[in-house]
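# Observations on chain architecture
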Amino acid sequence: MANDLLNATVHSLKNGLTGIPVSAAIDNTETWQQQLLQSGEPALQDIGREIGNLQSLLSSGSLDGTAIGRSLSMLGAQTNQAAATAPADLQAGLRDLGDLLLQSGGKLEG
């Protein structure tokens, strides 16, 4: 499950943020948030909480690119940190995801 979700998320981000409908982004983040908050690992729960912040920004009605960019950058940094201690079969995908989040966040932060 985690590997499939990871691959789907990386694929979506590689296609660009504007290619992801807000409803699909919210669905994806809800799935991630649920898994991370239930993980029992504080670092992963922190990522889950930041995903909650991103969800709030995406569903606010007025999309604030700078704030969304900051949230994506934070998620990228947290994901790269988590990759260091993740199971070996997930590390490369998590690093890809972290880097994509940092790149996307940087573009939005301006």
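Residues numbered from 1 in each chain as written. Predicted model: local features only at pLDDT ≥ 70, side-chain atom pairs only at ≥ 80, totals over all residues. Heavy atoms only, no water.

## Comments concerning the overall build of the protein chain
A count of helices and strands for the protein chain gives five helices and zero strands. For the protein chain, the sequential pattern of α-helices and β-strands runs α-α-α-α-α. In summary, the protein chain has a C-alpha radius of gyration of 13 Å against a globular reference of 13 Å for 110 residues, a match within 12%. With the C-alpha coordinates of the protein chain rotated into their principal frame, the extents come out at 40 × 25 × 20 Å. Buried residues in the protein chain amount to 39% of all 110 residues. (Helix = DSSP H or I, 4+ residues; strand = E, 2+ residues; numbered from the N terminus. Rg over C-alpha atoms; globule rule 2.2 N^0.38 Å. Buried < 20%, exposed > 50% of the residue type's maximum accessible area, 1.4 Å probe, protein only.)

## Comments concerning the environment of T29
The topology assignment puts T29 in helix α2 (residues 22-37). Expressed as a C-alpha distance, the spacing of T29 and L101, which sit 72 residues apart in the sequence, is 13 Å. Apart from residues no more than four positions distant in its own chain, T29 is found in contact with I51, L54 and Q55. Engagement of the side chain of T29 in a polar contact is seen with the side chain of Q55, the distance being 3.2 Å. (Contact = heavy atoms within 4.5 Å. Polar contact = N/O pair within 3.5 Å; in protein donor to acceptor, adjacent residues only side chain to side chain.)

## Digging into the pattern of salt bridges
Across all of its chains, the model carries one salt bridge by this definition. Linking R49 and D46 is a salt bridge whose minimum nitrogen-to-oxygen distance equals 2.6 Å. You can see R49 and its partner D46 sitting in helix α3 (residues 42-58), three residues apart, about one turn around the helix. By relative accessible area, R49 is classed as partly exposed at 49%. The class for D46 is partly exposed, based on a relative accessible area of 37%. (Salt bridge = Lys/Arg side-chain N within 4 Å of Asp/Glu carboxyl O.)

## Here's the deal with the layout of surface pockets
The volume enclosed by the largest pocket comes to roughly 970 Å³. Mapped by element, the contributors of at least two residues to the lining of the largest pocket are α1 (2-14), α2, α3, α4 (65-83) and α5 (88-109). If one sorts the elements of the lining of the largest pocket by residue count, α2 sits on top with eight residues. For the lining of the largest pocket, a count of residues per class yields 28 nonpolar, 11 polar and two charged. (1 Å grid on protein atoms, 1.4 Å probe; cavity = no way out; pocket = protein on both sides within 12 Å on 5 of 7 lines; lining within 4 Å. Points joined across faces, edges and corners; volume = space filled by probe spheres on them. Nonpolar A, V, L, I, M, F, W, Y, C, P; charged D, E, K, R; others polar.)

## Thoughts on the environment of D89
For D89, the position within the fold is in helix α5. Sequence separation between D89 and S62 is 27 residues, and the spatial gap between their C-alpha atoms is 38 Å.

## Comments concerning the confidence of the model for the protein chain
Looking at the protein chain, pLDDT values average 89 and 99% of them are 70 or higher. When pLDDT is averaged over each element of the protein chain, α4 comes out on top at 95 and α1 at the bottom at 84. (pLDDT = per-residue confidence, 0-100.)

## Brief notes about the nonpolar core
Membership of the largest hydrophobic core comes to 26 residues, with the highest contact counts inside it found for L6, W32, I47 and L97. Among the elements of the structure, α1, α2, α3, α4 and α5 are those that each provide at least two residues to this core. The residues contacting W32, other than those within four sequence positions of it, are L5, L6, T9, I51 and L97. (Core = buried A, V, L, I, M, F, W, Y, C linked by side-chain atoms within 4.5 Å.)

## So, α2
Relative to the 22 Å expected for 16 residues at 1.5 Å per residue, α2 spans 22 Å between its end C-alpha atoms, a close match to the ideal helical length. On its buried face, α2 sits against α1, α3 and α5. (Expected span 1.5 Å × (residues − 1).)

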